[in-house]
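Summary of the model geometry
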Amino acid sequence: QVQLVESGGALVQAGGSLRLSCAASGSIASFQVMGWYRQTPGKQRELVASVGRGGTTTYADSVKGRFTISRDNAKSMVWLQMNRLNPEDTAVYYCNAHRVDYDQAILDIWGQGTQVTVSS
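Description of the structure in this document. Note that the coordinates shown come from a computational prediction; the quantities given were computed from them, not determined experimentally. (Residues numbered from 1 in each chain as written. Predicted model: local features only at pLDDT ≥ 70, side-chain atom pairs only at ≥ 80, totals over all residues. Heavy atoms only, no water.)

Take the overall build of the chain next. Within the chain, the regular secondary structure consists of zero helices and 11 strands. Ordered by position from the N terminus, the helices and strands of the chain form the series β-β-β-β-β-β-β-β-β-β-β. With respect to the three principal axes, the spread of C-alpha positions in the chain is 45 × 30 × 25 Å. For the chain, buried positions account for 40% of its 120 residues. Across the chain, contacts joining residues at least 24 apart in sequence account for 55% of those joining residues at least 6 apart. Accessible surface, the chain as shown: approximately 6,300 Å² in total, 49% of it carbon and sulfur. Positive and negative side-chain charges in the chain, numbering 11 and 9 respectively, have mean positions lying 5 Å apart. (Helix = DSSP H or I, 4+ residues; strand = E, 2+ residues; numbered from the N terminus. Buried < 20%, exposed > 50% of the residue type's maximum accessible area, 1.4 Å probe, protein only. Contact = heavy atoms within 4.5 Å. Areas by Shrake-Rupley, 256 points an atom, 1.4 Å probe, with all protein chains shown as cover. Lys, Arg positive; Asp, Glu negative; His and termini not counted. Charge placed at Lys NZ, Arg CZ, Asp CG, Glu CD.)

What follows is the structure in structure tokens.
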């Protein structure tokens, strides 16, 4: 099974930028959607951004215009470029690979997460 490893999390000042990377141990081409989620203590994990196989992207309202998701199937990589960060962006960020097979079986794979902390 494909494994996902996130990197790039760090402590950054408000207004700064970070680029998160998600490296897959195998091909991600079969996954219809690759996404980035985030979670803070006591809250549910929330979708930040997703990208389909064809490049269609979606973003949470709170990050539109600031974050950009991209994927490279050939490199088995997904990135999240985060600009104009604010303290509300502080969270553990998780990479997700989502696939629905022809028999409707759903496969979701998660990475271990990377911490992003934005200081004011």
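Attention shifts here to the environment of Gly111. Of note, Gly111 is situated in the loop between strand S10 (106-110) and strand S11 (114-119). A sequence separation of 69 residues divides Gly111 from Gly42, and the C-alpha atoms of the two residues are 20 Å apart. If we skip the residues at most four places from it in the chain, Gly111 touches Leu4, Glu6, Tyr94 and Cys95.

This part covers the pattern of salt bridges. Evaluation of the coordinates by the stated rule reveals five salt bridges. Among the ionic pairs, Asp89 bridges to Arg38, the shortest N-O distance being 3.0 Å. In this pair, Asp89 is assigned in the loop between strand S8 (77-82) and strand S9 (91-100) and Arg38 in strand S4 (residues 33-39), connecting sequence segments 51 residues apart. With respect to burial, Asp89 and Arg38 carry one shared label: buried. (Salt bridge = Lys/Arg side-chain N within 4 Å of Asp/Glu carboxyl O.)

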